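The lines below spell out each chain.
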Amino acid sequence: MDIREPPRAAAAVLNGAIIDAIGADVVAGTLRPGDRLTLEGLQEEFGVSRTVVRDCMRILESMNLVYSKRRIGIVVQDPSHWNVFDSRIIRWRLSGPGRDGQFRTLTELRVAVEPMAAAGAARHAGETERSALVELAARMRVLGEAGELEEFLAADIAFHTLLLRCSGNEMFASLDEVVAEVLTGRTHQGRMPNHPREVALRGHELVAGAVAVGDADEAMKQMAELLEEVRTAVA
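Predicted model, so just to flag it, every value in this text is computed and none were measured. (Residues numbered from 1 in each chain as written. Predicted model: local features only at pLDDT ≥ 70, side-chain atom pairs only at ≥ 80, totals over all residues. Heavy atoms only, no water.)

K.L.:
Just to check I follow, could you spell out the environment of Ser167 for this structure?
P.N.:
The residue Ser167 is located in the loop between α7 (149-165) and α8 (170-173) in this model. For Ser167, a relative accessible area of 5% gives the class buried. For Ser167 and Ala122, which are 45 residues apart along the polypeptide, the C-alpha to C-alpha distance reads 7.7 Å. Among residues more than four places away in sequence, those in contact with Ser167 are Ala117, Gly120, Ala121, His124 and Phe172. Of note is the side chain of Ser167, whose polar atom sits 3.2 Å from the backbone nitrogen of Asn169. (Helix = DSSP H or I, 4+ residues; strand = E, 2+ residues; numbered from the N terminus. Buried < 20%, exposed > 50% of the residue type's maximum accessible area, 1.4 Å probe, protein only. Contact = heavy atoms within 4.5 Å. Polar contact = N/O pair within 3.5 Å; in protein donor to acceptor, adjacent residues only side chain to side chain.)

Put into structure tokens, the structure is as follows:
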């Protein structure tokens, strides 16, 4: 039986590896604003076709990490132009030398947004969503107390994603990947204790309980307190 990857899947993996390599270098400052790249040079560096390189550059251009200029080539953009909400840029920043600053700014964003999202969820969530939040909070406690951090992370991402999506605010909902990246980065970089703190476990339960009964003020208050614990932990 032929178990080789389909050509399209293999191409996606290759393209992703090239995008990751160049994007991470830009974000880390290895490639600095104004540095120039050429299709020919990238072909030689990665051993791929011109078409592959061009496709990867289009994706990096869509993030505003680089831009193309006739007769000059591909130019690295200043950080002020980056699409800082792109989940891939967030991932690279959380893995690079500026990770502390990125954790700080992302946590500040969460402090500003998620309490309002929790209040919105208390007003707008359906019964299925309210029950799911309570179940996720309960699952987080079981996994957290057992020290199952990867499974805890998945439940944590699901909890905050659902909260944002049922907030009744499409702009809050669009931040689900941003929050998922910061939660993932915190766990994978050893910034989470082996057993999440009781205040965090209880905090999720209190948020879910307030949303479940439709108490918007309490949901906002409990989410603000939960994120204060997060802010202190990553400071």
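K.L.:
Explain the confidence of the model for the protein chain here, please?
P.N.:
Any segment with low pLDDT has predicted coordinates that should not be analysed in fine detail. On average, the protein chain scores 92 in pLDDT, and the residues at 70 or more come to 94%. Low pLDDT (under 50) marks residues 1-5, which in the prediction has two contacts with non-local residues, meaning those over four places away or in another chain. (pLDDT = per-residue confidence, 0-100.)

K.L.:
What am I meant to see in the environment of Glu127 here?
P.N.:
As for its placement among the helices and strands, Glu127 is situated in helix α6 (residues 127-146). When the C-alpha positions of Glu127 and Val213 are compared, they lie 9.8 Å apart, and in sequence the two are 86 residues distant.

K.L.:
Is there a simple way to think about the pattern of salt bridges in this case?
P.N.:
Oppositely charged side chains may form a pair once their charged atoms are brought near each other. With the rule as written, the count across this model stands at 15 salt bridges. Of the charged contacts in the structure, one is a salt bridge between Asp176 and Arg165, with a shortest N-O distance of 2.6 Å. Placement of the pair is Asp176 in helix α9 (residues 176-188) and Arg165 in helix α7, with a sequence separation of 11 residues. Classification of Asp176 by relative accessible area gives buried; the value is 13%. Each of Arg141, Glu145, Glu198, Arg202 and Glu205 takes part in one network of salt bridges that share partners. (Salt bridge = Lys/Arg side-chain N within 4 Å of Asp/Glu carboxyl O.)

K.L.:
Before we go on, may I ask you to explain α7 in this structure?
P.N.:
In an α-helix there are 3.6 residues to a turn, and that puts residues three or four apart on one side. With 17 residues, α7 extends 24 Å from end C-alpha to end C-alpha; this agrees with the ideal 24 Å at 1.5 Å per step. Those residues of α7 lying buried are Leu149, Phe152, Leu153, Ala155, Asp156, Phe159, His160, Thr161, Leu162, Leu163 and Leu164. (Expected span 1.5 Å × (residues − 1).)

K.L.:
How do you make sense of the packing of helix α4 (residues 87-95) against α9 when you look at a structure like this?
P.N.:
A packed helix pair is summarised by two numbers, namely the angle formed by the two axes and the spacing between the axes. At their nearest, the axes of α4 and α9 sit 9 Å apart, and the two run at 20° to each other. In terms of orientation, α4 lies roughly parallel with respect to α9. Of the two possible hands of crossing, α4 and α9 adopt the one that is right-handed. Mapping the contact onto sequence places Ser87, Ile90, Arg91 and Leu94 in α4 and Glu177, Val178, Glu181, Val182 and Gly185 in α9. A per-class count over the contact of α4 with α9 returns four nonpolar, two polar and three charged. (Axes fitted to C-alpha atoms, helices over the stretch in contact; angles between N-to-C directions. Parallel < 35°, antiparallel > 145°, perpendicular 65-115°, else oblique. Left-handed = near helix turned anticlockwise from the far one by under 90°. Nonpolar A, V, L, I, M, F, W, Y, C, P; charged D, E, K, R; others polar.)

K.L.:
Please explain the nonpolar core as it appears in this structure.
P.N.:
Leu133, Phe159, Leu163, Val207, Val211 and Met223 are the most contacted members of the largest nonpolar core, which has 29 residues in total. For this core, the elements supplying multiple residues, two or more each, are α5 (99-124), α6, α7, α10 (198-212) and α11 (216-234). With residues near it in sequence (within four places) discarded, Leu133 still touches Phe159, Leu162, Leu163, Ala208 and Val211. Of all hydrophobic cores here, the second largest spans 23 residues; its members include Ile19, Leu37, Cys56 and Met57. (Core = buried A, V, L, I, M, F, W, Y, C linked by side-chain atoms within 4.5 Å.)

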